[in-house]
Amino acid sequence: MSIPSQTVSSSNKLIYQRLKQAIDLNLRRQIFIAACDDLCLRDCLAARLQTELAAESAGSDPRSVIDYPRFVSLELDLSDPNPWGSIAAWLTQHPPSQNRGSYSPLPGFQILGAEHLTRQSASVQWSFLSYLRDIEANLEMCESTLLLWVSRPWLSSIEQSAPEFWHWRTGVFEFEGEPTPAKGDFGHFEDFGHSGDLRNLRDNGDFGNQLLIPSLSGQSPIPDEQSPISYPPSPAPDSKSVQLTEDEQSPRISPPPSPAPDSKSVELADLVLAAASEDVAAENNASSEENFLPLQTLQYIELLQEHQCCSEALALAYHSLGNYYRDRILGGDVSEQNLTIAIRAIEQVIAYLDVDSNSQQNQPLTEECARLIAQLTQNLTQYAQESNSLPPISDLLNDLGTLYWMLSRDRTQHNASDPVSCLERSIALYLEGLNRTDTETVPQTRVRLNKNLGIASADLARYRDKTENLQHAVAAYQQALLDLDPAVEPQQYAAAQNNLATAYWNLAQDGEPIVYLKSAIAAYTQALSCYSPEREPLNYAGVQNNLGTACWNLAQHEPSEPLLVRAISAYREALKYRTRELVPAAAAATYNNLGTAYWHLANQFQQKQARTESLQQAITAYEAALDIAGKLDRTQLTFDALAARNNLGLAHYQLATDPNFAANKVAQTSHLEAALHHQLQVCAEWGQYLNDKGLTYGDKLNLQAAANSQAADSRQTALSYIVKTIRAFYSECGLPGQNLALSKIPGDLLPEILRRL
């Protein structure tokens, strides 16, 4: 195909580069539409596409198994404008090679000449659209790339009159019309830059309409705690994959043949292709060799299946594919799409390994299979070391269970997965992994499986059978601890003890609180014995905070001044490392807990001077918590800021009405004014809460929602204390004091306050 002369604008160069980049992916069933009204420009672009792609094919590895040309141009037959028929005719004239061991993937096709249909009869034009509508019956010919060149009027006609074809499109590329070139103005390939290196191209996001699946991103949010005390957070499973090692006994002899591709492998291939298409279309996404690893792996998988290679070889290929998406997930891209692909890949690994272990056939490797396996492990350079051997089945089951657990916690709006079913699947996989361990299994594998089993069971307890699932979690953590030596693995031992204590704490909320809270305190204490504040300050501080909460909680069931003193000591120790500069949200929660512990100590056990000092300490702690919280978004907080402000106002009120302050009217009035200020602030923040919800004061809130009920309770508590504070103003300062207090009440609250007075 000759290359016509044409000067190409910079915008059309960019569109051309994106089109060529998309074709270079060589994905399955890519269907592109290119619209161009300037025939000279169209001919120039089409010729360059074929020439450049052919040049890349010629420069490939001479040992390549590809026999077909990379890209073929076909003219539409105007008497019978059937693009599928043109492709079929070309394939008939160019049958694949019959040489043993040769594989010939289909070339890409570009169809030219559709613009001439405007001069044909209406019946011919309608037949062309009818052929396009029959795309689903001809999908076998679309295993590679199809590029259809049309004019803009035909682009509109296809969208309206051939919706079936339009639905299957991968991308649409519209080129701008250009002036006729001056005589002697010959175009050069240099106009397009160096197009052979895809890593130099950048996609600015304008990639036609090729997006197949909405992009998902971000990690799932951590649920807010509803109590004014910040309770121990739920631990997360260890998603780190087992370090793979070379199999000392490889190569294995007599591998059985692999089964033919099933619906699951086809589904996985479609997911990978869709993800790759999105990666190319992503804004400012530079193409790199790494982006093509999953596509290259898919090609090897197809070849391995076609040549009926052994199941272990297919398991290796699928494991390499799963590793690619596992690393993306560990890198922070925890999307439903990546999780689903990684899950499907590991499921295929396990399925092929089960076929391998259950098969009694002993067929040796064919020469072609051996060559393909060698290419697989040699060409996938990034995962070559990992891909040369497979981890034990118990480790694969652990990784698969953790991926299902992560999917259960994905709270993005596009995630349609049921968290309960994901957690049930995760638990079943961890249990199966434990059942497949034996005396030769390394203890670390059993530790990982038991610890992750405990975490998944504790998560399932949030949805159903709370006590039963928490008891399962306790049993799993206890089993993990049996395989852990605190002297050898202090960090793992401390983490398991912390998880165990958290499960005990949750059990205490529903029954037998004294027994379970004492068990939680003992486990937290064991965890602290293995955490070093110098090496792991935040983990150490987190366990100290949890220990303080457990002691405070137990003091509510067994009133004890030493327990509250121990809780205060633990909170203060935690705050040495949980600083507002380093972890502001965690620091605010611990300050709030410290204020609550001081308040209970003042009101339950202390008298006179000691009580006054504890209330002042509570005020200082609550003020610190609210000061930090005021600089954070509400969604970052794990405690109720309105309840904390109510508690702060109450502490000021109690100090003001304390007999020790009776002789100091200035201090007494100051505390009463502070109490009233914080109580009114709660009502003001309640009003802001209503505005955020788009409600008015008279609207009825859905009080079944925890946040609504909690905010409503805080407002009612504040109103009650506003009335008490006004009465205290009158009692301590007479009528002038009452008038001073009433003058600070906003007009919208005054009628309700006067009615209560």
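Above this text is the structure in question.
Please read these numbers as outputs of a predicted model, since none were measured by experiment.

Participant: Got a sec to walk through the overall build of the protein chain? Specific residues and values, please.
Facilitator: Secondary structure summary: the protein chain contains 26 helices and 7 strands in total. Counting across all 757 residues of the protein chain, residues that qualify as buried make up 51%.

Participant: So what's going on with the sheet that holds strand 1 (residues 30–35)? Which residues, and what values?
Facilitator: Strand order across the open sheet formed by 5 strands is 2-3-4-1-5, with parallel pairing between neighbours. Of all the strands in the sheet, the pair left with one neighbour each is strand 2 (71–75) and strand 5 (171–174). On average, adjacent strands in this sheet sit at an angle of 20° to one another, irrespective of strand direction. Pairing analysis gives 6 bridges linking strand 1 to strand 4 (residues 145–150), with the strands arranged parallel. In the sheet register, A34 faces strand 4, and the bridge partner there is W149. Helix 3 (residues 83–93) contacts strand 2, strand 3 (108–112) and strand 4 of the sheet and is inclined by roughly 125° relative to strand 2.

Participant: Describe the nonpolar core, naming the residues involved and giving the relevant values.
Facilitator: The tendency in soluble globular proteins is for nonpolar side chains to be buried side by side. In this structure, V272, L295, Y318, L321, Y325 and F639 are the most contacted members of the largest nonpolar core, which totals 130 residues. Judged by nonpolar contacts, the second largest core, of 29 residues, contains I31, V72, L129 and L146.

Participant: Could you give an account of the pattern of salt bridges, naming the residues involved and the relevant values?
Facilitator: Per the counting criterion, the structure on display carries 20 salt bridges. In this structure, E347 engages R344 in a salt bridge whose closest nitrogen and oxygen atoms are separated by 3.4 Å. Pair noted here: E347 and R344 are both in helix 10 (residues 336–358), with a separation of 3 residues, about one helical turn.

Participant: Can you lay out helix 15 (residues 443–460) for me, pointing to particular residues and giving the numbers?
Facilitator: Spacing of three or four residues puts side chains on the same side of an α-helix, whose turn is 3.6 residues. Over its 18 residues, helix 15 runs 26 Å from end to end, which matches the ideal 26 Å to within 8%, given 1.5 Å per residue. Most of helix 15 sits inside the fold, with 14 of its 18 residues counted as buried.

Participant: So what's going on with the environment of A541? Which residues, and what values?
Facilitator: By the element assignment, A541 lies in helix 19 (residues 537–557). On the accessibility criterion, A541 (0% relative accessible area) is buried. For the pair A541 and E573, spaced 32 residues apart in sequence, the C-alpha separation works out to 7.1 Å. Apart from the residues lying within four places of it in its own chain, the contact partners of A541 are A574, Y577 and R578.

Participant: Account for the packing of helix 17 (residues 490–508) against helix 18 (residues 513–528), naming residues and giving values.
Facilitator: Direction vectors running N to C along helix 17 and helix 18 enclose 165°, while the axes themselves pass 8 Å from each other. As far as their axial angle goes, helix 18 and helix 17 are roughly antiparallel. The hand of the helix 17/helix 18 crossing is left-handed. Along the contact surface, helix 17 presents Y493, A494, Q497, N498, L500, A501, T502, Y504, W505, L507 and A508, while helix 18 presents P513, Y516, L517, S519, A520, A523, Y524, Q526 and A527. The residue inventory of the contact of helix 17 with helix 18, partitioned by class, reads 15 nonpolar, 5 polar and no charged.

Participant: Explain the packing of aromatic side chains to me, using residue names and the numbers behind them.
Facilitator: One pass over the full model with this rule turns up 8 aromatic pairs. Taking the centre distance of 5.7 Å and the plane angle of 70° together, the rings of F32 and F173 count as edge-to-face. Of this pair, F32 sits in strand 1 while F173 sits in strand 5, placing them 141 residues apart in sequence. Residues F32 and F173 agree in their burial class; the two are buried. Ring geometry for Y540 versus Y577: centroids 5.6 Å apart, planes at 90°, classification edge-to-face. On the criterion of sequence distance, the pair formed by Y540 in helix 19 and Y577 in the loop between helix 20 (561–575) and helix 21 (584–604) is long-range, its members being 37 residues apart. In this structure Y577 comes out as partly exposed when scored by relative accessible area, which is 23%.

Participant: Describe the pairing of strand 4, with residues and values.
Facilitator: Across the 6 residues that make up strand 4, a large majority, 6, are buried. Side chains T145, L147 and W149 of strand 4 all project onto a buried face; the interleaved residues L146, L148 and V150 project onto the opposite face, where all are buried too. Examined bridge by bridge, strand 3 and strand 4 share 3 bridges and lie parallel to one another. Across the sheet, the residue bridging to F109 is L146, located in strand 4.

Participant: Report on unusual backbone geometry, specifying residues and quantitative values.
Facilitator: A positive phi angle is found at D465, which is not glycine, with a value near 45°. Topologically, D465 is positioned in the loop between helix 15 and helix 16 (466–482). According to the relative accessible area criterion, D465 is partly exposed, its value standing at 45%.

Participant: With reference to specific residues and values, describe the state of the cysteines.
Facilitator: Overall, the coordinates contain 0 disulfides when judged by the stated rule. The thiol of C40 is unpaired, and the distance to the nearest cysteine sulfur, on C44, comes to 9.4 Å.

Participant: Report on the environment of Y524, specifying residues and quantitative values.
Facilitator: Checked against the element boundaries, Y524 lands in helix 18. Owing to a relative accessible area of 0%, Y524 belongs among the buried residues under this scheme. Residues Y524 and Q497, 27 residues apart in the sequence, show an inter-C-alpha distance of 6.5 Å.

Calculation notes
Numbering of residues starts from 1 in each chain and follows the order in which that chain's sequence is written. Only residues with pLDDT of at least 70 are given local features in this predicted model, and only at 80 or more are side-chain atom pairs given and counted; all residues enter the totals for whole chains, interfaces and linings. Side-chain measures here rest on the full set of heavy atoms in the structure, leaving out hydrogens and waters. Only DSSP runs of H or I covering at least 4 residues are called helices, and only runs of E covering at least 2 are called strands; the numbering of each starts at the N terminus. The rule is simple: take the accessible area with a 1.4 Å probe, protein chains only, and divide by the maximum for that residue type; under 20% is buried, over 50% is exposed, in between is partly exposed. The rule for pairing is simple: two strands pair if DSSP sees at least two bridges between them. For helices, the axis comes from a line fit to the C-alpha atoms of the stretch in contact; other axes are also lines fit to C-alpha atoms, and the angle between any two N-to-C directions lies between 0 and 180 degrees. Between two residues, a contact is recorded if the distance between any of their heavy atoms is within 4.5 Å. Nonpolar core, defined: a set of buried Ala, Val, Leu, Ile, Met, Phe, Trp, Tyr and Cys residues in which side-chain atoms within 4.5 Å join the residues together. The rule for a salt bridge is simple: a side-chain nitrogen of Lys or Arg has to be within 4 Å of a carboxyl oxygen of Asp or Glu. Helix span, as expected, comes to 1.5 Å for every residue beyond the first. When an angle is under 35 degrees it counts as roughly parallel; over 145 it counts as roughly antiparallel; between 65 and 115 it counts as roughly perpendicular; any other value is oblique. Note on convention: the crossing is left-handed when the near helix lies turned anticlockwise from the far helix by less than a right angle, right-handed when the turn is clockwise. Note that Gly is not counted as nonpolar here; it falls among the polar residues with everything else outside the nonpolar set of Ala, Val, Leu, Ile, Met, Phe, Trp, Tyr, Cys and Pro and the charged set of Asp, Glu, Lys and Arg. A pair of Phe, Tyr and Trp rings is counted when the ring centres sit within 6.5 Å of each other, with Trp represented by its six-membered ring. The angle between the planes then sorts it: under 30 degrees is stacked, over 60 is edge-to-face, the rest tilted. By disulfide we mean two sulfur atoms from cysteines, separated by a distance within 2.5 Å.

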